[in-house]
Amino acid sequence: MHKNFKNIDHVTFGRGCFHQLAQTLLPIRHLNKKYCVFIIDAYFKNHPLAFTPQAEDAVFYIDVNTHEPTTQQVDELRDTLLNQKGLPSGVIGIGGGSIMDIAKAVSLMLTNPGSAVAYQGLNLIKNPGVYHLGVPTISGTGAEVSMTAVLTGPEKKLGLKCDWTVFNQVLLDPELIATVPKDWWFYTGMDTYIHCIESRFGQKNNAFSLAYGDQALSLCRAVYLGPQSGQNAENDDRLMVASLMGGLSLTYSEVGVCHALSYGLSKIKGTRHCIANCIIFQHLEDYYPLGVSEFKSMCKHHNIELPQHLSASWTETDISQMAEVSYQLPFMWEHALGENYRTLAGLEHIKSLFRRL
Ligand code: NAD
Ligand code: ZN
């Protein structure tokens, strides 16, 4: 059965397009209880955005530095909104992957009863959410285009994944990513790079995923290795488009070994997605020789020192737990290693990969 994936309904791209936000929301403002919810990265509390919400709107500034988005956080936001103001016209997420995932999940949980925990997985959501709009302010995860809202729950780190998760609208304004600190710019951008390498070097790649993935890879090369590499206006344009295209490449392919391990590291040690990928990817030469070699050149070029010898302080229980989480992602292993993946990547082998870190 071929995938029938849901894309974003509307996309606006260009420097300064964030100024069109108020106008973009006009057609939906009459819906439900006639107010909008803005979920904004707390960074912008002290660095205000050029946008004024209306008096009736609800605005939440969320600090995403303490932990990745949780099911509890989403449940609480939903309960507060429904108890205080009723069903909103729309939910707008302004921030990185963390904020966009919270916005997507809140949109869905406003119309689906109970806790988000019950909906972690594929197509478990019963009712469409309310209109939701994403404005990325850091580029790389592809959360702006993906059909998942990744949440950490009591049992698992897993997305609310369905067609209704996808944003109705995104505004891609590269001016918004100019202030991203260099380390985050690198780690999050490398998420796109790794998405494209993993998408490419696996069973599920095809003309569709390669077209988006290879274009995103060449944009990443210009941003991180080209003669004008670094954080500048042209590269911000490129990185914002690369993130979207990397995400589209994945919709018709799959991630691989690095992401399978990364989920284990994040779940057990709380390491954040993009840096977890970088910590792992540097040790995967045998799986992705060209990608890892180029990745190391990029680290060198930008003086990025990644953590080393982490496993020296981990217990056998830590390593077993991480391996269990990774082992439970068979579609990633199968994509990377083929149908014989269980003999090539059994639990003991996965543990040995964690010991490399
Ligand atoms: P993030 O949202 O966690 O933010 C990273 C840091 O950058 C934070 O400190 C934030 O305050 C800061 N920041 C954001 N924009 C800024 C700006 N313009 N200027 C200055 N600082 C800014 O970053 P991320 O890497 O985009 O997202 C990671 C999250 O995305 C993880 O929770 C991960 O699980 C999730 N994710 C989701 C998907 C998906 O498809 N839904 C895919 C990959 C990762
Ligand atoms: Zn990723």
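Residues numbered from 1 in each chain as written. Chains lettered and ligands numbered in written order. Predicted model: local features only at pLDDT ≥ 70, side-chain atom pairs only at ≥ 80, totals over all residues. Heavy atoms only, no water.

For the rest of this paragraph, the subject is helix α10 (residues 289-301). Taking 1.5 Å per residue as the helical rise, α10 with its 13 residues ought to reach 18 Å, and the 18 Å between its terminal C-alpha atoms agrees with that figure. Burial in α10 covers these residues: G291, V292, E294, F295, M298 and C299. Across the axial projection of α10, the buried residues extend over an arc of 165°, all falling on one side. Turned more than 90 degrees from where α10 packs its buried face, P289, L290 and K300 sit exposed. (Helix = DSSP H or I, 4+ residues; strand = E, 2+ residues; numbered from the N terminus. Expected span 1.5 Å × (residues − 1). Buried < 20%, exposed > 50% of the residue type's maximum accessible area, 1.4 Å probe, protein only. Arc of directions from axis to C-beta.)

Burial of the side chains of strand β9 (residues 169-172) extends over both faces: Q169 and L171 are buried on one face and V170 and L172 on the other. Here strand β1 (residues 10-13) runs beside β9; their pairing, made up of four bridges, is parallel. Each bridged residue has a counterpart across the sheet, and for V11 the counterpart in β9 is V170. Here two bridges tie strand β6 (residues 131-136) to β9, and the two strands are oriented parallel to one another. Across the sheet, L133 pairs through a bridge with Q169, a residue of β9. (Pairing = 2+ DSSP bridges.)

Summarising the metal site, the zinc ion (ligand 2) is bound by the protein donors D191 (OD), D191 (OD), H195 (NE2), H259 (NE2) and H273 (NE2), whose distances to it range over 2.1 to 2.8 Å. Within one chain, the residues serving as donors to the zinc ion (ligand 2) are arranged as D-x3-H-x63-H-x13-H. In this pair, H195 sits in helix α5 (residues 182-200) while H259 sits in helix α8 (residues 257-269), placing the two residues 64 residues apart along the sequence. This pair shows no difference in class: H195 is buried, exactly as H259 is. (Donors = N, O, S within 2.8 Å, 3.2 Å for Na, K, Ca; no water.)

In this section: the site of ligand 1. The full set close to ligand 1 counts 29 residues, and N65, S98, S146, T179 and R272 are the nearest of them. Within the contact set of ligand 1, an oxygen atom lies 2.4 Å away from a side-chain nitrogen or oxygen of N65. One nitrogen or oxygen atom from the main chain of G97 is found 2.8 Å from an oxygen atom belonging to ligand 1. Coverage of ligand 1 by the protein amounts to 95% of the 870 Å² it exposes when considered alone. Secondary-structure elements contributing two or more residues to the shell around ligand 1 are α2 (43-46), α4 (97-109), β7 (148-152), α5 and α9 (273-281). Counted by class, the shell around ligand 1 contains twelve nonpolar, eleven polar and six charged residues. Structurally, the shell around ligand 1 is a two-domain feature, drawing no fewer than three residues from each of domain 1 (10-177) and domain 2 (182-355). (Near = heavy atom within 4 Å. Polar contact = N/O pair within 3.5 Å; in protein donor to acceptor, adjacent residues only side chain to side chain. Areas by Shrake-Rupley, 256 points an atom, 1.4 Å probe, with all protein chains shown as cover. Nonpolar A, V, L, I, M, F, W, Y, C, P; charged D, E, K, R; others polar. Domains from an automatic or database assignment.)

Now for unusual backbone geometry. The residue N123 is not glycine, and still its phi comes out positive at about 55°. Within the secondary structure, N123 sits in the loop between β5 (121-122) and β6. Even without being a glycine, H309 presents a positive backbone phi close to 55°. Following the sequence through the fold, H309 ends up in the loop between α10 and α11 (316-327).

Moving on, we get to the sheet that holds β1. Pairing is parallel across the open sheet formed by six strands, whose spatial order is β1-β9-β6-β4-β2-β3. The open sheet is flanked by β1 and β3 (58-62), the only strands paired with a single partner. Each strand axis lies, on average, 15° off the axis of its neighbour in the sheet, ignoring direction. Across the face of the sheet, helix α3 (residues 71-84) comes into contact with β2 (36-41) and β3 while running at roughly 160° to β3. (Axes fitted to C-alpha atoms, helices over the stretch in contact; angles between N-to-C directions. Contact = heavy atoms within 4.5 Å.)

A few words now on the packing of α5 against helix α6 (residues 207-224). Between α5 and α6, the shortest axis-to-axis distance is 9 Å and the interhelical angle comes to 145°. For the crossing formed where α5 meets α6, the hand is left-handed. Counting all contacts with α5, which are made through W185, F186, G189, M190, T192, Y193, C196, I197, S199 and R200, the residues of α6 involved are S209, L210, G213, D214, A216, L217, C220, V223 and Y224. Of the residues contributing to the contact of α5 with α6, the split by class is twelve nonpolar, five polar and two charged. (Left-handed = near helix turned anticlockwise from the far one by under 90°.)

Our next topic: the packing of aromatic side chains. Under the defined criterion, the tally for this structure stands at 13 aromatic pairs. Measuring from ring centre to ring centre gives 6.3 Å for F18 and F51, while their planes differ by 65°; the resulting arrangement is edge-to-face. You can see F18 sitting in the loop between β1 and α1 (21-25) and its partner F51 sitting in the loop between α2 and β3, a full 33 residues away along the chain. Using a relative accessible area of 18% as the deciding quantity, one classes F51 as buried. Cluster of aromatic residues (ring-pair linked, three or more members): W185, F186, Y224, F281, Y288 and F295. Geometry around F201 places R200 over its ring, the cationic atom sitting 5.7 Å from the centre. (Phe/Tyr/Trp six-rings, centres within 6.5 Å; stacked < 30°, edge-to-face > 60°. Lys NZ or Arg CZ within 6 Å of the ring centre and 35° of its normal.)

Let us now look at the state of the cysteines. The final tally for this structure, using the stated rule, is zero disulfides. Its sulfur unpaired, C17 is 17 Å from the next cysteine sulfur, which belongs to C36. Given the relative accessible area of 5%, C17 is considered buried. (Disulfide = S-S within 2.5 Å.)

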